[in-house]
Amino acid sequence: MSDKLENNPSLHALIPFGVFIGVYLGTGFYLELSGVKMGFYQLPGPVCAAIGVAAAFAFFKGSLEQKFNDFLSGCGDKNIMTMCVIYLLAGAFAVVSKAMGGVDATVNLGLTYIPAQYLAAGIFAMSAFISLAIGTSVGAIVALGPIAVGLAKEGHLSLALVLAALMGGAMFGDNLSIISDTTIASTRTQDVNMQDKFKINLFIALPASLLTLILLLIWGQPTHPTPVQAHSYELIKTLPYIFVLVLALLGVNVFLVLFSGIALSGGIGLFSGHWTWLALGQEVYKGFSSMQEIFLLSLLTGGLAYMVDKEGGVAWIISKIQHCIVGPKSAKLGIAALVSLVDLAVANNTVAIVIVGEISKKISLKFEVDRRESAVILDIFSCIFQGLIPYGAQMLILLSFAKEEVGFLEVLGFLWYQGLLGLFTLVYVFWGGYSRAVLKRLHGK
């Protein structure tokens, strides 16, 4: 996709995007108000995107053949295809490692060694590690949710506080993991290396997470401490997650990292007699299939974004935003506002990044924002709001474990990590010279 603003601005060109978001949001609200659980996830995102593509074919001028060629050009963009292949490998690693027993082993390891008085902080730390390792906040919440609720009751802790700690840790990993959908989408749309994005992102997220841990240690003390029972675990089954994290930090190519992680998890499963070669192949394919929705969504939105861009939709947005932008700092705030608003609309942080990624890249180029920073801002703010909204999958699943014992507003008051992450990001943006100094130290420039 072109990096230059060559097309005449056109509000008309944004109609297909409006159709896409309108169908997604309208259907979700209607179902939620009708009492349907997780209403925002009943109509698959790719179907909504396909309706938006159909609107583009209907509203845009030109021959059917030309519009189809434009759509395929967007679908086949190098960044889109790279993102899709990474999705497949990430899905395979997550499913194979979980099926091998890696998630259970990691959870039980943490539960065995966390004293009762540190339970709330421990839940945050375990959730952060699991989400960082498997690349999904939903996966961490599903894995730890029932255990966290049970331990909160046994340890006489505030259930709302423990659930908020679980949510905060899950969003920490979702934001930072190299196999997270949001990381893949933010780095590919901005055309930057994952390792570069990770280093800057960690510089911002680490102090927010440490301060959250301190708050949880202070306010998360149980009223009547009870000992945590030992759980059985196999240490070897936690190795794939550690292995992947180490390789990622060393700067190894992401494709090699994920392929090696799949091989290690599969090898451990074969060695322990957990499965046969045939069963391993089936689990790998299950991993591929688990990414079907985001794979199709990325293809369709890539094609839609190209068509909208060619018709001048992106140029129109930039022409309006630039009236409020006077330099790199305000440009970063503009990118943050864009992805936050879209996430509030579609209730899916990956989808939000995919939708505004190309626009954000153009803003970065025009106002001389380092694209590594724009990738970080996209990922951070999409995860902040995804971890706050009551109709997001994460919050809906989290509250389902509480069985109506606590409500959204009770949990909202303890979502300290999301607030601190936003605060530290704004400090990063506004502190004069801070960004440039950090980038020089991180990259040796």
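Residues numbered from 1 in each chain as written. Predicted model: local features only at pLDDT ≥ 70, side-chain atom pairs only at ≥ 80, totals over all residues. Heavy atoms only, no water.

Per an unreviewed UniProt entry, the protein chain goes by the name Methionine transporter MetT and belongs to Helicobacter ailurogastricus. Database annotation for the protein chain, UniProt heading Sequence similarities (unreviewed entry): "Belongs to the NhaC Na(+)/H(+) (TC 2.A.35) antiporter family." The record in UniProt for the protein chain states the following under Subcellular location (unreviewed entry): "Cell membrane". (UniProt positions renumbered as here; feature names shortened; annotations may be inferred.)

Asker: Explanation requested: the overall build of the protein chain in the structure shown.
Answerer: Secondary structure assignment for the protein chain yields 22 helices and 0 strands. Buried positions account for 57% of the 445 residues belonging to the protein chain. Within the protein chain, residue pairs in contact and separated by at least 24 positions form 81% of the contacts whose partners lie at least 6 positions apart. (Helix = DSSP H or I, 4+ residues; strand = E, 2+ residues; numbered from the N terminus. Buried < 20%, exposed > 50% of the residue type's maximum accessible area, 1.4 Å probe, protein only. Contact = heavy atoms within 4.5 Å.)

Asker: Is there a simple way to explain the pattern of salt bridges in this structure?
Answerer: If charged atoms from side chains of opposite charge come close, those side chains can pair. Evaluated as defined, the whole model comprises 8 salt bridges. Between Lys-286 and Glu-283 there is a salt bridge, with its nearest N and O atoms 3.4 Å apart. Highlighted residues: Lys-286 and Glu-283, both in helix H13 (residues 277-290), separated by 3 residues, approximately one helical turn. Since its relative accessible area comes to 15%, Glu-283 is described here as buried. A salt bridge links Glu-358 to Lys-362; the shortest N-O distance between them is 4.0 Å. Placement of the pair is Glu-358 and Lys-362 together in helix H17 (residues 349-366), with a separation of 4 residues, close to one helical turn. Glu-358 gets classed as buried once you look at its relative accessible area, which sits at 12%. Lys-362 sits in the buried class, given a relative accessible area of 2%. Salt bridges here are not isolated pairs; linked through shared partners, they connect Asp-309, Glu-358 and Lys-362. (Salt bridge = Lys/Arg side-chain N within 4 Å of Asp/Glu carboxyl O.)

Asker: Hey, could you run me through the packing of helix H14 (residues 292-310) against H17 in this one?
Answerer: Their axes nearest at 10 Å, the elements H14 and H17 cross at an angle of 30 degrees. Here H14 and H17 pass one another in a crossing that is right-handed. Residues Ile-294, Leu-297, Ser-298, Thr-301 and Asp-309 of H14 pack against Thr-350, Val-351, Val-354, Glu-358 and Lys-362 of H17. Split into classes, the residues belonging to the contact of H14 with H17 amount to 4 nonpolar, 3 polar and 3 charged. (Axes fitted to C-alpha atoms, helices over the stretch in contact; angles between N-to-C directions. Left-handed = near helix turned anticlockwise from the far one by under 90°. Nonpolar A, V, L, I, M, F, W, Y, C, P; charged D, E, K, R; others polar.)

Asker: Would you take a moment to explain a nonpolar patch on the surface for this structure?
Answerer: Where nonpolar side chains cluster on the molecular surface, the patch consists of Ile-236, Leu-239, Ile-242, Val-246 and Leu-250 and spans about 430 Å² of accessible area. Mapped onto the secondary structure, Ile-242 falls in helix H11 (residues 239-249). (Patch = residues over 30% accessible without salt bridge, like charges linked within 9 Å, V, L, I, M, F, W, Y side chains within 5 Å. Areas by Shrake-Rupley, 256 points an atom, 1.4 Å probe, with all protein chains shown as cover.)

Asker: How should the packing of aromatic side chains be read in this particular structure?
Answerer: One pass over the structure, following the stated rule, counts 4 aromatic pairs. Among the aromatic residues, ring-to-ring pairing joins Phe-124, Phe-172 and Tyr-417 into one connected group. When the ring centre of Phe-367 is taken as reference, the NZ or CZ atom of Lys-366 above it lies at 5.9 Å. (Phe/Tyr/Trp six-rings, centres within 6.5 Å; stacked < 30°, edge-to-face > 60°. Lys NZ or Arg CZ within 6 Å of the ring centre and 35° of its normal.)

Asker: Would you mind going over empty space enclosed by the protein with me for this structure?
Answerer: Regions of empty space are outlined by a rolling probe, equal in size to a water molecule, passed over the atoms. Inspection of the entire model under this criterion finds 2 cavities of 30 Å³ or more. In this structure, the second largest cavity occupies an estimated 30 Å³ of space. Lining the second largest cavity are Ala-164, Ala-165, Gly-168, Thr-212, Leu-216, Phe-414, Leu-415, Trp-416, Tyr-417 and Gln-418. For the lining of the second largest cavity, the secondary-structure elements that each account for two or more residues are helix H8 (159-176), helix H10 (194-219) and helix H21 (416-430). Residue composition of the lining of the second largest cavity, by class: 7 nonpolar, 3 polar and no charged. Composition of the lining of the second largest cavity by domain shows at least three residues from each of domain 1 (70-295) and domain 2 (313-395 + 397-443). (1 Å grid on protein atoms, 1.4 Å probe; cavity = no way out; pocket = protein on both sides within 12 Å on 5 of 7 lines; lining within 4 Å. Points joined across faces, edges and corners; volume = space filled by probe spheres on them. Domains from an automatic or database assignment.)

Asker: Honestly, the environment of Leu-264 in this entry has me stumped. Any pointers?
Answerer: Among the secondary structure elements, Leu-264 is positioned in helix H12 (residues 254-271). We classify Leu-264 as partly exposed; its relative accessible area is 30%. Residues Leu-264 and Lys-237, 27 residues apart in the sequence, show an inter-C-alpha distance of 9.7 Å. Contact partners of Leu-264, with chain neighbours within four places excluded, come to Leu-239, Pro-240 and Phe-243.

Asker: What exactly am I supposed to notice about the nonpolar core here?
Answerer: In this structure, Phe-20, Ile-363 and Val-411 are the most contacted members of the largest nonpolar core, which totals 132 residues. By residue number, the principal contributor to this core is H8, which donates 13 residues. In terms of domain composition, this core takes at least three residues from each of domain 1 (70-295) and domain 2 (313-395 + 397-443). Excluding anything up to four places from it in sequence, Val-411 contacts Ala-160, Leu-163, Ala-164, Met-395, Leu-398, Leu-399 and Val-406. (Core = buried A, V, L, I, M, F, W, Y, C linked by side-chain atoms within 4.5 Å.)

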